[in-house]
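# Examining the three-dimensional arrangement
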Amino acid sequence: MPSTSTRYLHEHPEVAFQEYETAEFVRQRLESLGVEDIRTGIAKTGVTGLIRGKKNGPQRCILVRADMDALPIHEENDVAYRSQADGVMHACGHDAHTAILLGVARLLMERRDQFSGTVKVLFQPAEEQPPGGAIAMIAEGVLEDPPVDAVIGLHVSSEQPAGRVVVGGGPAMAGGDLFEVTVKGKGGHAASPELAVDPVVIGAHILVALQSLVSRETDPMATVVVSAGVFSAGDAFNVIPDTATFGGTVRAFDPDLLEGTNRRIGEIACGIAEAMGGSAETKIMRGYPPTVNDPGMSELVRLAAIEAVGEENVGTIEPKMGGEDFSHFLRAKPGTFFFVGSRNDERGITYAHHHPRFDIDEESLATGM
């Protein structure tokens, strides 16, 4: 079972753009396999390498990507391969993705006489931190020299049982942006609210009103999610503060719907704040575009998955509202992003991604390879 790399990587997690030890581990493994043209330091810690087929035939190039970064989460699993870095954990499975691609590199190096063209393996930093590592690596030329014709990426999934693959054309994951609204009022004593302009009350009204963007302004057949995860105001129970700030995310599969929702957040915030005697400023921070798979590439992966694990273990993607910066590769080249099950109910491997007890069934590594 190809677990050694994953366990080492799980024990040594590094957050976005700090994956120096991980990148060196990857470089050494690729070098030991004989992978050609290994390049490091791309977008700070990214790594690429080339595997050239020896068979006569079309000389196309396909890029296969794995992300490497961990999360600022303290691990709660009691396992031998537990994170050795306090407050940092591979709670999303990127250690598995890196190990899978290293395994793929080994398999391809052993089989170079069976294919033509070139496979470019790419190990990416900072998927978890918008604007992410993908767009930075693309800006530094990873889709050139040699020119890439198609791209493939995967993600382990705690929602699917180990041994199962789900893939499909069209939208796979939503695009997502972040918003922050700052409400300005007039502070005062909590016993005399009539002399103040309460930004907490204004912010609460705005936050509730934003849900009408989904329930009353969006086509019921479309999909958009507006969620606030932060609301901050004041420091004392008996003081009405001058300002209140809240923020969250907007997610949609349609870029135009995403853009329109962002615009309406600002309009609603300003309108309500002014009507209640205050003011509001809205800041939009761009996240990732929607992840949209090419039908032809998705079918290619579906057929390969059927050959690997059997048709009964291959399903069709149900689009998810989470975001993924592999979307930048898919906007540039045809490709597909698919999911490999990593759940095992019998062993208690059931916790969701980004949970401090997230883990994977290592069978998923072989399936992913």
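To start, this report covers the structure provided alongside it. (Residues numbered from 1 in each chain as written. Predicted model: local features only at pLDDT ≥ 70, side-chain atom pairs only at ≥ 80, totals over all residues. Heavy atoms only, no water.)

### Considering the packing of helix H5 (residues 199–210) against helix H7 (residues 255–275)
Here is the rule we go by: For helices, the fitted axis covers only the stretch in contact; all axes are lines through C-alpha atoms, and the angles between them, taken along N-to-C directions, range from 0 to 180 degrees. In DSSP terms, a helix is any run of H or I states spanning at least four residues, a strand is any run of E spanning at least two, and both are numbered starting from the N terminus. Working rule for handedness: look at the near helix, and if it is turned counterclockwise from the far one by less than a right angle, call the crossing left-handed; if clockwise, right-handed. Contacts: residue pairs with any heavy atoms within 4.5 Å of one another.
Where H5 contacts H7, the axes come no closer than 9 Å and their chain directions differ by 140°. Viewed along their axes, H5 and H7 form a crossing whose handedness is right-handed. Taking contact as the criterion, the partners of Ile-202, His-205, Ile-206, Ala-209 and Leu-210 in H5 are, on H7, Ile-265, Ile-268, Ala-269, Ile-272 and Ala-273.

### Things to note about the pattern of salt bridges
Note the following rule: Salt bridges are defined as contacts in which a side-chain nitrogen from Lys or Arg sits within 4 Å of a carboxyl oxygen from Asp or Glu. Per-residue accessibility, obtained with a 1.4 Å probe over protein chains only, is compared with the maximum for each type, and a residue is labelled buried under 20%, exposed over 50%, and partly exposed between these values.
Tallying each qualifying case throughout the model produces 22 salt bridges. The partner of Glu-259 in a salt bridge is Arg-286, and the shortest N-O contact between them spans 3.2 Å. Of this pair, Glu-259 sits in helix H7 while Arg-286 sits in strand E13 (residues 279–288), and the two are 27 residues apart along the sequence. Arg-286 gets classed as partly exposed once you look at its relative accessible area, which sits at 45%.

### Quick word on empty space enclosed by the protein
Here is the rule we go by: Put simply, the grid is 1 Å and covers the protein atoms alone, a cavity is a trapped set of points that fit a 1.4 Å probe, a pocket is an open set with protein on both sides within 12 Å along at least five of seven lines, and lining residues have an atom within 4 Å of a point. Grid points are joined across faces, edges and corners, and a volume is the space filled by probe spheres set on the points. Under the scheme applied here, ten amino acids are nonpolar (Ala, Val, Leu, Ile, Met, Phe, Trp, Tyr, Cys and Pro), four are charged (Asp, Glu, Lys and Arg), and all others, including Gly, are polar.
A full pass over the atoms with the stated rule returns one cavity of 30 Å³ or more. The calculated volume of the largest cavity comes to roughly 70 Å³. Contributing to the lining of the largest cavity are Thr-6, Arg-7, His-10, Tyr-81, His-90, Gly-93, Asp-95, Phe-358, Asp-359, Ile-360 and Glu-362. The biggest single contributor to the lining of the largest cavity is helix H1 (residues 4–11), with three residues. Class assignment for the residues of the lining of the largest cavity results in three nonpolar, four polar and four charged.

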